[in-house]
Number of protein chains: 2
Amino acid sequence: MQRVYRESGFPLDEERLSRQETLFHNANGYLGVRGTLEEGTRFKTMRGMYINGFYDIVPMKQAEKLYGLTEDKEAMLNVADTQTILIRANGELFSLFSGTVEEIERSLDMDAGVTERRITWRSPSGIRLKIVFKRMTSFVMPHLFTQECEITPLSGPCEVTVESWQKALVRNYADPDDPRLAADDACHLVPDGRELWEDVDILLARTLHTGLQVCTAVAHDLSVPHKASWRYDKADHAALWQAQYDAQKDETARLIKYTVMYDSVRSGAPARDALSDMGKARGGLTRLYQEQRAYLADFWDRADMEIQGSDEDNIAMLFNMYQLLQSAGRDGKCSVAAKGLSGEGYEGHYFWDTEMYMFPFYLLTAPQIARQLLMYRYALLPFARENAKLLGHKKGALYPWRTIAGRECSGYFPSGTAQYHISGDIAYAVTQYWLAARDEDFMRSCGAEMLLETARLFMDTGNWYQGRFHINDVTGPDEYTCIVNDNFYTNACARYNLEWAVRAVGMLKDWPDYAAWAERLGVTGQELSDMTAAAGAMCLPYDEETGINPQDDSFLQKPVWDLQATPRDHFPLLMHYHPLHLYRYQVCKQADTVLAYFIFDGVAAEDVMRRSFEYYEKITTHDSSLSTCVFSIVASRLGMAEKAERYFGDSLRADLTDAHHNTRDGIHTANMGGNYMAVVNGFAGLRLGEDSITLDPRLPSGWTGCRFRFCWQGRRLLFEMGREKSALTLLSGSAVRVVISGRRFTLTAPGDRAEAYPV
Amino acid sequence: MQRVYRESGFPLDEERLSRQETLFHNANGYLGVRGTLEEGTRFKTMRGMYINGFYDIVPMKQAEKLYGLTEDKEAMLNVADTQTILIRANGELFSLFSGTVEEIERSLDMDAGVTERRITWRSPSGIRLKIVFKRMTSFVMPHLFTQECEITPLSGPCEVTVESWQKALVRNYADPDDPRLAADDACHLVPDGRELWEDVDILLARTLHTGLQVCTAVAHDLSVPHKASWRYDKADHAALWQAQYDAQKDETARLIKYTVMYDSVRSGAPARDALSDMGKARGGLTRLYQEQRAYLADFWDRADMEIQGSDEDNIAMLFNMYQLLQSAGRDGKCSVAAKGLSGEGYEGHYFWDTEMYMFPFYLLTAPQIARQLLMYRYALLPFARENAKLLGHKKGALYPWRTIAGRECSGYFPSGTAQYHISGDIAYAVTQYWLAARDEDFMRSCGAEMLLETARLFMDTGNWYQGRFHINDVTGPDEYTCIVNDNFYTNACARYNLEWAVRAVGMLKDWPDYAAWAERLGVTGQELSDMTAAAGAMCLPYDEETGINPQDDSFLQKPVWDLQATPRDHFPLLMHYHPLHLYRYQVCKQADTVLAYFIFDGVAAEDVMRRSFEYYEKITTHDSSLSTCVFSIVASRLGMAEKAERYFGDSLRADLTDAHHNTRDGIHTANMGGNYMAVVNGFAGLRLGEDSITLDPRLPSGWTGCRFRFCWQGRRLLFEMGREKSALTLLSGSAVRVVISGRRFTLTAPGDRAEAYPV
């Protein structure tokens with residue numbers, strides 16, 4: 001089976017090209033390059049190259065200055081433009097907007113880790129060229145981006161000239177009318193030097209406010225005899241490489257452009273390191289392609305999924321998984337942005353999306369990435385403690401709602417900072433990592449401290465009233481109701497956090513360094529028993545009359561929004577209604593209580609979950625791409641097969657079909673993670689226990705089968721769901737206990753396979 | 001008795017001079033002039049002249065752009081500087097910061113309507129001058145501001161030169177660190193022409209965004225032979241009048257500077273009108289002073305108050321009343337700003353302060369001003385309807401929380417726009433005006449429509465739940481808890497509004513134009529009966545356990561803020577704690593439920609009010625200057641005499657003692673109105689009924705008596721409270737029924753007097 005996503009044909013309009021820039025972007029967790037056309041377009045598009053976690057500070061003045069409100073934010077920067085390659089045949093400039101494009105196809109090969117663009121073009125005067133662009137951001141050399149360009153004259157000999165640019169003073173894309181994009185496009189980079197080492201051109205730039213340095217090194221190899229030279233434009237801090245050769249009919253010339261980027265967050269000497277990497281990369285593209293394949297073969301060996309009976313679903317799922325692999329930071333200095341490294345939507349910020357929607361994917365397919373994502377959060381702990389203090393807390397850690405390097409970047413705190421659940425979400429990820437990886441070293445050095453500090457936040461936020469523990473004035477995942485009391489999801493999250501903080505401290509007790517650790521963090525027995533008491537008495541709203549869990553303490557006393565009567569062009573509601581109006585109705589942007597049902601197994605009785613699910617179904621707009629996947633999972637768990645499939649169908653191809661009309665700004669990484677969970681945790685019913693795995697498969701009606709691989713506590717496993725039966729195979733690792741469709745098995749040795757029939 | 005407020009002595013430091021600029025400002029409801037020194041200071045102070053309701057638009061970008069949020073606001077402009085007069089004796093410049101100030105005294109004569117500054121000064125070289133400045137903004141010619149300057153050489157003859165400036169391109173005062181002041185000081189005026197008519201210099205300017213024109217005409221009279229000329233500086237759009245004369249020892253020269261200001265909001269030809277007023281004013285200062293005295297004699301005849309036994313309290317109260325008279329817009333195009341016309345704090349915006357804290361004063365002392373304030377609100381009705389639509393309402397009028405010309409100018413909606421009670425407050429003022437003035441013409445042409453539209457807002461905001469009518473997601477007066485359900489004050493306000501809307505429509509039914517009116521507004525019987533039902537079932541939170549009225553539905557489940565443990569320098573809390581932290585505690589910035597007890601007579605049983613009062617006392621910081629006065633009134637009503645006095649004492653001299661440390665930015669007009677109410681409605685226990693007046697006097701212990709005059713339904717009355725007894729005298733108007741200390745009387749004819757002894 002080939003893992004290739006393809007698009008071909010016309011029209012080559014703004015909408016399609018912008019969307020393709022996102023869908024065919026290349027990234028490796030460090031570098032991200034939009035799938036911009038080498039030759040440029042006539043539209044204003046997001047011509048971007050990004051480094052994960054590389055940012056500057058942007059002012060964000062508050063309309064009314066209140067104590068503690070953020071007045072500047074971090075923003076991911078567009079760091080350079082090395083994509084531009086202009087090709088001329090006998091002086092005629094190749095462009096999709098002149099002459100005739102006879103054929104065009106773009107593809108992403110997820111085994112090769114390469115995107116490709118194949119064009120047959122006839123110039124206005126009749127010169128025909130075949131041009132193939134291949135691009136790669138190397139998983140093995142994360143600082144490297146390569147462009148390979150094959151040029152073949154089809155109509156006769158011609159003189160070919162190439163202009164290849166390297167521009168350092170680029171700007172971010174801005175749209176003052178869209179709250180999800182930056183409003184200003186000020187240039188945040190200032191020149192910081194240029195060097196030419198033989199034919200490697202190096203441009204250095206610094207960020208305006210953070211003073212971070214970025215280095216871009218560019219070099220070219222051209223397979224045919226040619227004349228070439230570099231030219232530097234000091235005013236624009238840009239360099240131009242020009243080459244010229246005589247091309248013969250049907251003879252292919254191969255140009256390779258290497259870009260190496262380093263930054264001062266990771267390197268003490270970006271230019272030196274870039275030059276060193278350039279030396280390793282030059283001339284070795286074939287080897288680099290092989291290493292890329294090997295990296296991906298290893299990945300698919302751990303992660304592969306095959307949906308049988310629907311090629312469309314299959315390729316969409318693989319596409320989602322590949323994007324997640326591309327997007328994840330792996331060096332502990334960054335995370336996974338809401339748009340990955342594919343675009344500037346949400347300004348490169350990391351949200352709770354990482355922990356709650358993507359982390360489970362990495363945990364099951366690339367545990368070393370999962371660990372690094374938690375290391376990043378651990379590094380942010382001092383900021384989270386400061387943030388808690390700013391919010392008036394005596395203790396604890398409040399993670400910023402959106403951030404890059406630790407600063408709270410949300411401008412409207414009622415649906416930003418007030419989402420305290422993010423601290424519980426991060427704590428949840430710590431526990432999941434513990435359950436799936438049993439990484440004692442991490443728990444001792446980082447995890448337990450994170451669990452403790454987040455638990456402390458909830459202890460300091462909540463209070464006892466009439467024998468129960470309440471958490472007031474927070475915002476749950478559903479941003480259509482803000483600043484509420486006893487949000488069901490938040491309280492469930494806090495309870496889990498408190499329980500696990502106590503457990504984690506307990507687990508550490510036989511560690512020789514425990515006493516020093518406990519003293520450093522000021523842990524007392526009283527504190528732990530207070531946490532246990534609060535967890536045990538946590539208020540989880542339940543309404544006797546309807547028999548459901550209300551989203552918060554006053555949710556049910558509000559009128560129900562009339563979704564039937566809402567014009568279709570009034571969605572998403574947040575773009576058409578004042579927040580205060582939204583707050584006043586029972587209407588949900590996304591899964592909130594329903595998410596709690598998925599995440600916190602057993603948080604409610606099944607009949608309560610069923611009634612609640614049906615209740616929230618009627619009032620949820622799914623204006624967030626984080627919603628339908630969760631509804632699908634919970635529908636699966638409640639045995640509502642048809643609904644599970646319908647919600648999944650709405651979600652799976654969100655970016656491929658541009659369902660939210662903003663794929664141009666970047667992929668929806670959380671949605672992609674949600675789709676993965678909808679199959680693995682939803683249809684396959686996977687639950688990770690402390691010592692065993694449970695699977696409760698229900699194959700969607702349109703599929704003939706589904707198989708996927710995953711990792712758990714050092715083992716690799718393969719699960720196969722069929723119409724008739726399902727089977728789990730231990731591929732590697734030690735014995736494991738499993739429950740499949742209610743039947744218990746033990747797989748003792750690699751190759752062992754358990755089969756079960758759905759009930 | 002002389003109604004004069006005086007300050008004398010030293011030091012002349014920044015704090016004192018800034019505060020005096022406010023305390024000795026001159027205003028007449030149209031023009032306001034800060035008490036800035038003619039000769040300038042070495043400090044950065046707020047050198048301002050203002051026209052009520054004259055504004056420009058200032059950008060107010062939201063940190064996060066949400067649907068419907070205000071992105072620009074109106075700001076009162078500093079319109080000109082004609083205050084500057086530089087005096088030189090033999091070339092030595094008079095200044096408080098050179099030579100020696102031997103004597104200095106400032107005063108405000110509230111019978112004369114004039115401020116005065118008397119200085120004896122010795123120059124560095126030993127020339128001694130006596131200088132007296134008198135300033136007046138005329139109540140009779142509201143466009144006129146006069147400065148009279150008497151200069152007397154005490155040490156010998158000298159040559160005196162005068163430089164008198166007129167500057168048109170002034171800027172507002174800015175402090176980027178104080179949320180209560182403008183953050184930017186961009187110049188909002190552009191030159192729009194200059195004319196010199198004989199010796200009258202006229203400068204015209206236009207506002208940058210609103211395109212409003214302002215005209216400043218200046219002329220001088222000097223009582224001694226002199227040489228004089230005008231000079232115009234085009235670049236600065238400023239004019240300089242220079243005069244020179246030879247002065248003899250002990251001979252007084254008298255310079256009069258006339259400033260006339262007109263604006264295009266009020267005039268179709270500002271320059272022509274200014275010139276015409278100038279012609280009327282020139283040479284007639286003595287007459288103008290007399291007219292000013294006559295105007296004030298008439299005012300005090302209606303409004304006078306005398307506190308016997310405490311000169312300090314007496315002068316403070318008269319000061320407050322005089323400031324209210326100065327501050328009120330009277331032309332239906334403006335209202336009373338939070339700082340009146342005395343400074344730029346709160347950017348000249350009008351809040352609910354006008355209706356709830358100041359309106360009662362005007363109603364009882366200057367009903368024609370009260371009417372004009374309502375006319376201003378009626379003119380804003382179209383904006384309020386638009387605002388309601390923006391907030392998602394199908395019907396009704398939501399008045400902007402802060403505004404000048406109708407635009408919502410609050411940047412943080414949770415403690416701005418969400419304060420829906422402002423619509424109910426305005427409706428309340430309409431009913432009070434009806435009860436006190438029985439102005440049928442107003443009710444028909446404006447009042448009933450206002451009551452109906454505000455009532456509609458509450459109908460559209462609230463909803464039925466379990467047999468009661470609830471109003472969710474609004475903010476009450478207490479801004480330390482925002483976006484709550486069933487705020488007690490708001491719901492009480494809404495109930496009153498609904499009841500009176502129905503009554504007002506009922507009253508209109510025998511009006512010949514009723515049918516057309518009802519059709520225009522789409523009034524139906526169903527709507528009115530829905531309003532009656534909602535009012536009858538309005539949820540007014542009551543807690544069985546504590547026996548109090550909670551401020552909102554979840555107030556009591558929050559922990560109580562530990563005010564004892566809060567450092568004194570952490571007040572006001574809003575300057576030291578994140579709003580979300582404040583929201584999470586039982587802590588009140590100001591009277592909220594307690595205010596409802598004052599405003600809505602009988603809204604709770606006396607024992608409930610008593611318990612609630614004592615409860616809220618413990619958790620209210622009075623960080624707002626609108627708070628202690630209300631606590632005083634309710635304490636009076638509950639018979640807590642000692643508390644009533646203590647709260648009153650905290651409030652009465654707030655600006656004179658600079659209790660809130662920001663008198664420099666302007667007076668606290670609402671506080672001043674609150675102090676008036678604390679005497680009239682609190683200590684004297686005045687309640688205006690529909691057909692009668694009730695008084696329930698309790699004289700504060702430190703006073704020997706208190707007498708005040710007031711107006712009611714066309715009558716003038718005098719109330720005298722003594723230690724032993726109290727008496728009400730009908731001064732003019734028809735028979736009136738009164739209840740004093742529980743005893744019923746009817747005063748039949750002017751001169752009739754009823755005496756009663758407190759119970």
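Bear in mind the structure is a predicted one, so any value in this text is a computation, not a measurement.

With that out of the way, let us pick up the overall build of chain A. Across its full length, chain A carries 18 helices and 29 strands. In terms of overall dimensions, chain A is globule-like: its C-alpha atoms have a radius of gyration of 27 Å, near the 27 Å expected for 759 residues. On the principal axes, the C-alpha backbone points of chain A span a range of 85 × 65 × 60 Å. Nonlocal contacts in chain A, meaning residues at least 24 apart in sequence, comprise 67% of its contacts between residues at least 6 apart.

The next subject is the domain arrangement of chain A. Segmentation of chain A into domains returns domain 1 (4-59 + 71-274 + 287-298) and domain 2 (684-759). Placing a centre on the C-alpha atoms of domain 1 of chain A and another on those of domain 2 of chain A gives a separation of 43 Å.

Turning our attention to the interface of chain B and chain A. With 41 residues of chain B in contact, the opposing surface of chain A contributes 41 residues. Those elements that place two or more of their residues in the side of chain B that touches chain A are strand 20 (463-465) and helix 13 (579-583) of chain B. Looking at the side of chain B that touches chain A, the element that brings in the most residues is helix 13 of chain B, giving four residues. Taken together, the residues of the side of chain B that touches chain A break down into 20 nonpolar, 14 polar and seven charged.

Looking now at the environment of arginine 743 of chain B. In this fold, arginine 743 of chain B is placed in strand 28 (residues 743-747). As a C-alpha pair, arginine 743 of chain B and alanine 756 of chain B span 13 residues in sequence and 7.2 Å in three-dimensional space.

What follows concerns helix 1 (residues 14-23) of chain A. All of the buried residues in helix 1 of chain A are Ser18, Arg19, Gln20, Glu21, Thr22 and Leu23 of chain A. Buried-residue contacts for helix 1 of chain A involve strand 1 (4-8) and strand 8 (100-109) of chain A.

For the rest of this paragraph, the subject is the pairing of strand 16 (residues 227-233) of chain B. Residue and element names in this part refer to chain B. Of all seven residues in strand 16, zero are buried, a share of ten percent or less. Examined bridge by bridge, strand 16 and strand 17 (residues 238-247) share seven bridges and lie antiparallel to one another. Paired with serine 229 across the bridge in strand 17 is glutamine 242. Hairpin connection, strand 16 to strand 17: the antiparallel pair is bridged by four residues, and histidine 237 has positive phi, about 50°.

Bringing the pairing of strand 10 (residues 128-137) of chain B into the picture now. Each regular strand carries side chains that alternate between the two faces of the sheet. Residue and element names in this part refer to chain B. Taking burial as the measure, the 10 residues of strand 10 include seven buried ones, the bulk of the element. Linking two consecutive strands that pair antiparallel, namely strand 9 (residues 114-122) and strand 10, is a turn of five residues; a positive phi of about 110° is found at glycine 126 within it. Two strands pair when backbone bridges link them, and strand 10 and strand 11 (residues 144-153) are joined in this way by nine bridges, in the antiparallel orientation. Considered in strand 11, the bridge of threonine 137 is made with phenylalanine 145. Connecting the antiparallel pair strand 10 and strand 11 is a turn made up of six residues.

Another point: unusual backbone geometry. Cis geometry is found at the peptide bond from phenylalanine 571 of chain A to proline 572 of chain A, where omega equals -5°. Structurally, the position occupied by proline 572 of chain A is in the loop between helix 12 (525-536) and helix 13 (579-583). Non-glycine residue aspartate 658 of chain A carries a positive phi angle of around 55°. We classify aspartate 658 of chain A as partly exposed; it has 17 C-beta atoms within 10 Å. Positive phi outside glycine occurs at arginine 438 of chain B, with the angle close to 50°.

As a further point, take the relation of the copies chain B and chain A. In screw terms, the move from chain B to chain A is a rotation of 180° and a rise of 0.0 Å along the axis, fitting with an RMSD of 0.0 Å. The transformation relating the two chain copies, once decomposed into turn and shift, fits a two-fold axis. No C-alpha of chain B approaches the rotation axis more nearly than that of glutamine 62 of chain B, which lies at 2.9 Å. Mapped onto chain A, 100% of the interface residues of chain B are again interface residues, and the two copies thus contact each other with one and the same surface.

So, on to the sheet that holds strand 4 (residues 49-59) of chain A. Residue and element names in this part refer to chain A. Spatial strand order, 2-3-4-5: four strands in an open sheet with antiparallel pairing. Of all the strands in the sheet, the pair left with one neighbour each is strand 2 (26-27) and strand 5 (72-78). Pairing of strand 3 (residues 31-33) with strand 4 involves three bridges; the strand directions are antiparallel. Bridge assignment links valine 33 to a residue of strand 4, and that residue is methionine 49.

With that settled, consider the sheet that holds strand 27 (residues 736-740) of chain B. All names here are of chain B. Taken in spatial order, the four strands line up as 22-23-27-28 in an open sheet, and their pairing is mixed. For this open sheet the edge positions go to strand 22 (687-688) and strand 28, each flanked by a neighbour on one side alone. Of the strand pairs in this sheet, strand 23 (residues 692-695) and strand 27 are connected by four bridges, and their pairing is parallel. Considered in strand 27, the bridge of threonine 694 is made with valine 739.

Glancing now at the packing of helix 16 (residues 628-637) of chain B against helix 18 (residues 669-683) of chain B. Residues and elements named next belong to chain B. Where helix 16 meets helix 18, the closest approach of the two axes is 8 Å, and the angle between their N-to-C directions is 5°. Judged by the inter-axis angle, helix 16 sits roughly parallel to helix 18. Contacts between helix 16 and helix 18 involve Cys629, Val630, Ser632, Ile633 and Ser636 on the former and, on the latter, Asn671, Gly674, Asn675, Met677, Ala678, Asn681, Gly682 and Phe683. Looking at the contact of helix 16 with helix 18 residue by residue, the classes come out as six nonpolar, seven polar and no charged.

Attention now goes to the confidence of the model for chain A. Predicted coordinates in areas of low pLDDT are best not read in detail. On average, residues of chain A carry a pLDDT of 96, and 99% of them reach 70 or more. In the model output, the complex is listed with pTM 0.95 alongside ipTM 0.93.

This part is about helix 12 of chain A. Residues and elements named next belong to chain A. With 12 residues, helix 12 should cover 16 Å at 1.5 Å per step; its first-to-last C-alpha distance of 17 Å lies within 8% of that length. Of the residues making up helix 12, those classed as buried are Met531, Ala534 and Ala535. Buried residues of helix 12 fall within an arc of 100° about the axis and therefore sit on the same side. Facing away from the buried side of helix 12, by more than 90 degrees, are the exposed residues Gly525, Gln526, Ser529 and Gly536. On its buried face, helix 12 sits against helix 9 (440-461), strand 21 (468-470) and helix 10 (488-508).

This part is about the packing of helix 10 (residues 488-508) of chain B against helix 12 (residues 525-536) of chain B. All names here are of chain B. At a minimum axis separation of 9 Å, helix 10 and helix 12 run at an interaxial angle of 150°. Helix 12 is crossed by helix 10, and the crossing has left-handed handedness. On the side of helix 10, the interface is formed by Arg495, Leu498, Glu499, Ala501, Val502 and Val505, while helix 12 contributes Leu528, Met531, Thr532, Ala534 and Ala535. A per-class count over the contact of helix 10 with helix 12 returns eight nonpolar, one polar and two charged.

Okay, the environment of lysine 73 of chain B next. Residue and element names in this part refer to chain B. Locating lysine 73 in the fold gives a position in strand 5 (residues 72-78). Classification of lysine 73 as buried rests on a count of 25 C-beta atoms within 10 Å. C-alpha of lysine 73 to C-alpha of tyrosine 55: the two residues are 18 residues apart in sequence and 9.7 Å apart in space. Not counting residues up to four positions away in its chain, the partners in contact with lysine 73 are Val58, Met60, Arg407 and Cys409.

Our next topic: the environment of glutamine 242 of chain A. With respect to the helices, strands and loops of the structure, glutamine 242 of chain A is situated in strand 17 (residues 238-247). Beyond its immediate chain neighbours, meaning those up to four positions away, glutamine 242 of chain A contacts Thr161, Val162, Glu163, Ala228, Ser229 and Arg231 of chain A.

Rules used in this analysis
- Positions within a chain are numbered from 1, following the residues in the order the chain's sequence is written.
- Lettering of chains starts at A and numbering of ligands starts at 1, both following the order in which they are written.
- Reporting in this predicted model follows two pLDDT cut-offs: at least 70 for local features of residues, and 80 or more for side-chain atom pairs to be given and counted; totals over whole chains, interfaces and linings ignore these cut-offs and use all residues.
- Helical segments are the DSSP runs of H or I of at least four residues, strand segments are the runs of E of at least two, and each set is numbered from the N terminus.
- For a compact globule the rule gives 2.2 Å times the number of residues to the power 0.38, and the radius of gyration it is set against comes from C-alpha atoms.
- By the convention adopted here, residues make contact when the C-beta atoms placed from their backbones lie within 7 Å.
- A domain assignment, automatic or from a database, supplies the domain bounds used here.
- Three residue categories are used. Nonpolar comprises Ala, Val, Leu, Ile, Met, Phe, Trp, Tyr, Cys and Pro, charged comprises Asp, Glu, Lys and Arg, and polar comprises the others, including Gly.
- To sort residues by exposure, count the other C-beta atoms lying within 10 Å of each residue's C-beta; 20 or more gives buried, 12 or fewer gives exposed, and values between give partly exposed, all with C-beta atoms placed from the backbone.
- In short, DSSP must find at least two bridges between two strands for them to pair.
- What sets the superposition is a least-squares fit of C-alpha atoms, and only residues with pLDDT of at least 70 in both copies go into it.
- Between N-to-C directions, angles span 0 to 180 degrees; the directions come from axes that are lines fitted to C-alpha atoms, helices contributing only their stretch in contact.
- We call two directions roughly parallel when the angle between them is under 35 degrees, roughly antiparallel when it is over 145, roughly perpendicular when it lies between 65 and 115, and oblique otherwise.
- Confidence of the predictor at the level of single residues is captured by pLDDT, which takes values from 0 to 100.
- Given the number of residues in a helix, its expected span is that number minus one, multiplied by 1.5 Å.
- Taken from the helix axis, the directions to the C-beta atoms give the arc we talk about.
- Handedness of each helix crossing follows the sense of rotation of the near helix against the far helix: counterclockwise by less than a right angle gives left-handed, clockwise gives right-handed.

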